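# Observations on chain architecture
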Amino acid sequence: MKGNAMDRFDEKCQGLNRLMDDLTKQDIMLAFSGGADSSVLLKAACEQAKKHDTNVYAVTIHTLLHPMKDLELAKRLAKDCGAVHKLLFIDELEEAGIADNPKNRCYLCKKYMFTRILEEAQKWNIEYVIEGTNADDTREYRPGIKALQELGILSPFLRNGFSKEEVRRLGRVYKMAVADKPSTPCLATRFPYQTRLSYENMRKVETIEDYIKQMGFYNVRARIHDNLVRIEVDEKDIPALMEKRRELVSMIKQMGYVYLTVDLEGFRSGSLDIMNCTDDM
């Protein structure tokens, strides 16, 4: 079984390299957040681009919907990979029409962001824009994938069947520290649909999650339900989190929340999507 798994991984890597080799015969553009998926894809693209003496443009969206520290990390990673790094400044809450957190928020946001990236690509006469969706992403409620397909954005990991763990594994082959970086999705995902979003409240979420991560926890989500904060950590880490409950309660109440609870099911990516994963767009 281990041998078969190794063979499949090697085949996927070969398929990815062939695709990257073909795409980088000309300059390409990559949507680059600085997370594990986009970073490993950027490395794969840059490795092939060296053979053709072409450029890989890594475009990072500067947005308040993502943790601010991710921006500095993206700058460093792009430089290390040898990419041309570019920033696009946008305000999704107003420009993408998602301030009221509609159920198709991810679709609207991705459609707007990648339309902007395509406009940037046209300025540089770049034909192909790629991004880091992997096969595991299709098993969750991800309406943004539909927007990518409509716009003709290429997803090399998805095309070659890479799971999230296989993306991380490839990152380890490249000896990238970011390979084991926990996912940090858009902060709007911490609020129920139809909840009015504000940058102030999202910064509070970022502060709470950073505080818990500094305690030594890996996967952390602070889901906000009005004046209640529901904390998710990996199930095995719940006992350790409970040992920190007094300082955590104090910190969160100082931020203006009344109630704090720990989710006994533990961390689940997209746990607020459970009631919406089968809804129509």
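Relevant structure appears above.
This is a predicted model, so every value here is computed, not measured. (Residues numbered from 1 in each chain as written. Predicted model: local features only at pLDDT ≥ 70, side-chain atom pairs only at ≥ 80, totals over all residues. Heavy atoms only, no water.)

### Overview of the overall build of the protein
Within the protein, the regular secondary structure consists of 11 helices and 7 strands. Taken over C-alpha atoms, the radius of gyration comes to 19 Å for the protein, in line with the 19 Å a tight globule of 281 residues would show. Considered along the principal axes of its C-alpha atoms, the protein spans approximately 60 × 45 × 35 Å. A buried classification covers 51% of the 281 residues belonging to the protein. (Helix = DSSP H or I, 4+ residues; strand = E, 2+ residues; numbered from the N terminus. Rg over C-alpha atoms; globule rule 2.2 N^0.38 Å. Buried < 20%, exposed > 50% of the residue type's maximum accessible area, 1.4 Å probe, protein only.)

### Structural notes on the nonpolar core
Among the nonpolar cores identified, the biggest contains 46 residues, and Ile117, Ile208, Ile212 and Ile231 are the most heavily contacted of them. Of all elements in the fold, only β1 (28-31), β2 (56-62), α5 (105-123), α9 (199-214), β5 (220-225), β6 (228-233), α10 (238-242) and α11 (245-254) reach the threshold of two or more residues within this core. Counting 32 residues, the second-largest nonpolar core is a separate cluster that includes Leu42, Ala45, Leu77 and Ala83. (Core = buried A, V, L, I, M, F, W, Y, C linked by side-chain atoms within 4.5 Å.)

### Observations regarding the sheet that holds strand β4 (residues 129-130)
Note: strands within a sheet are paired through backbone hydrogen bonds, in either parallel or antiparallel orientation. Strand order in the open sheet made by the 4 strands is β3-β2-β1-β4, with parallel pairing throughout. Of all the strands in the sheet, just β3 (84-89) and β4 have a single pairing partner and so form its edges. One ladder, built from 2 bridges, connects β1 with β4; its direction is parallel. Within β4, the position partnered with methionine 29 by the bridge is valine 129. Across the sheet, helix α3 (residues 69-81) lies against β2 and β3, angled at about 155° from β3, the strand it touches most. (Pairing = 2+ DSSP bridges. Contact = heavy atoms within 4.5 Å. Axes fitted to C-alpha atoms, helices over the stretch in contact; angles between N-to-C directions.)

### What about the packing of α5 against helix α6 (residues 144-151)?
With their axes 7 Å apart at the nearest point, α5 and α6 run at an angle of 35° to one another. Remark: the crossing between α5 and α6 carries right-handed chirality. Residues Cys106, Tyr107, Lys110, Lys111, Phe114, Thr115 and Leu118 of α5 pack against Gly144, Lys146, Ala147, Leu148, Glu150 and Leu151 of α6. Of the residues that constitute the contact of α5 with α6, the class distribution is 7 nonpolar, 2 polar and 4 charged. (Left-handed = near helix turned anticlockwise from the far one by under 90°. Nonpolar A, V, L, I, M, F, W, Y, C, P; charged D, E, K, R; others polar.)

### Side note on the sheet that holds β5
Across the sheet, which stays open at both edges, the 3 strands sit in the order β5-β6-β7 with mixed pairing between neighbours. The outermost strands of the open sheet, each flanked by one partner alone, are β5 and β7 (259-262). In this sheet, neighbouring strand axes are inclined to one another by 20° on average, regardless of whether the strands run parallel or antiparallel. Looking at chain direction, β6 and β7 are connected through 4 bridges and run parallel. The partner of leucine 228 across the bridge, within β7, is tyrosine 259.

### Topic: the side chain of glutamate 131
Mapped onto the elements of the fold, glutamate 131 is located in the loop between β4 and α6. For the buried glutamate 131, which has no salt bridge, the nearest side chain bearing the opposite charge is lysine 110, at an N-O separation of 5.5 Å. Only 2.4 Å separates the side chain of glutamate 131 from the side chain of serine 155, close enough to count as a polar contact. The residues contacting glutamate 131, other than those within four sequence positions of it, are Ala31, Leu41, Phe114, Leu148, Ile153, Leu154, Ser155 and Pro156. (Lys, Arg positive; Asp, Glu negative; His and termini not counted. Salt bridge = Lys/Arg side-chain N within 4 Å of Asp/Glu carboxyl O. Polar contact = N/O pair within 3.5 Å; in protein donor to acceptor, adjacent residues only side chain to side chain.)

### A few points about the packing of aromatic side chains
According to the stated counting rule, one finds 4 aromatic pairs in the structure shown. For the ring pair phenylalanine 9 and phenylalanine 162, a centre distance of 6.4 Å and an interplane angle of 75° mean the geometry is edge-to-face. Residue phenylalanine 9 is located in helix α1 (residues 2-23), and its partner phenylalanine 162 is located in the loop between α7 (156-159) and α8 (164-173); the two are separated by 153 residues in the primary sequence. Like phenylalanine 162, phenylalanine 9 is buried. Between tyrosine 57 and tryptophan 124, the ring centres sit 5.1 Å apart and the planes meet at 40°, which makes this aromatic pair tilted. Pair noted here: tyrosine 57 is in strand β2 and tryptophan 124 is in the loop between α5 and β4, with a separation of 67 residues, a long-range link. Residue tryptophan 124 is classed as partly exposed on the basis of its relative accessible area, which comes to 39%. Connected via pairs of aromatic rings, a cluster forms that spans Phe9, Phe157 and Phe162. The side chain of arginine 169 reaches across the aromatic face of phenylalanine 9, ending 4.0 Å from its centre. The lysine or arginine in question, lysine 204, covers the ring of tyrosine 257, its NZ or CZ lying 5.6 Å from the ring centre. (Phe/Tyr/Trp six-rings, centres within 6.5 Å; stacked < 30°, edge-to-face > 60°. Lys NZ or Arg CZ within 6 Å of the ring centre and 35° of its normal.)

### Section: the environment of glutamate 119
Mapped onto the fold, glutamate 119 is located in helix α5. On the basis of relative accessible area, glutamate 119 is assigned to the partly exposed category, the value being 39%. It is 23 Å that separates the C-alpha atoms of glutamate 119 and aspartate 37, two residues lying 82 residues apart in sequence.

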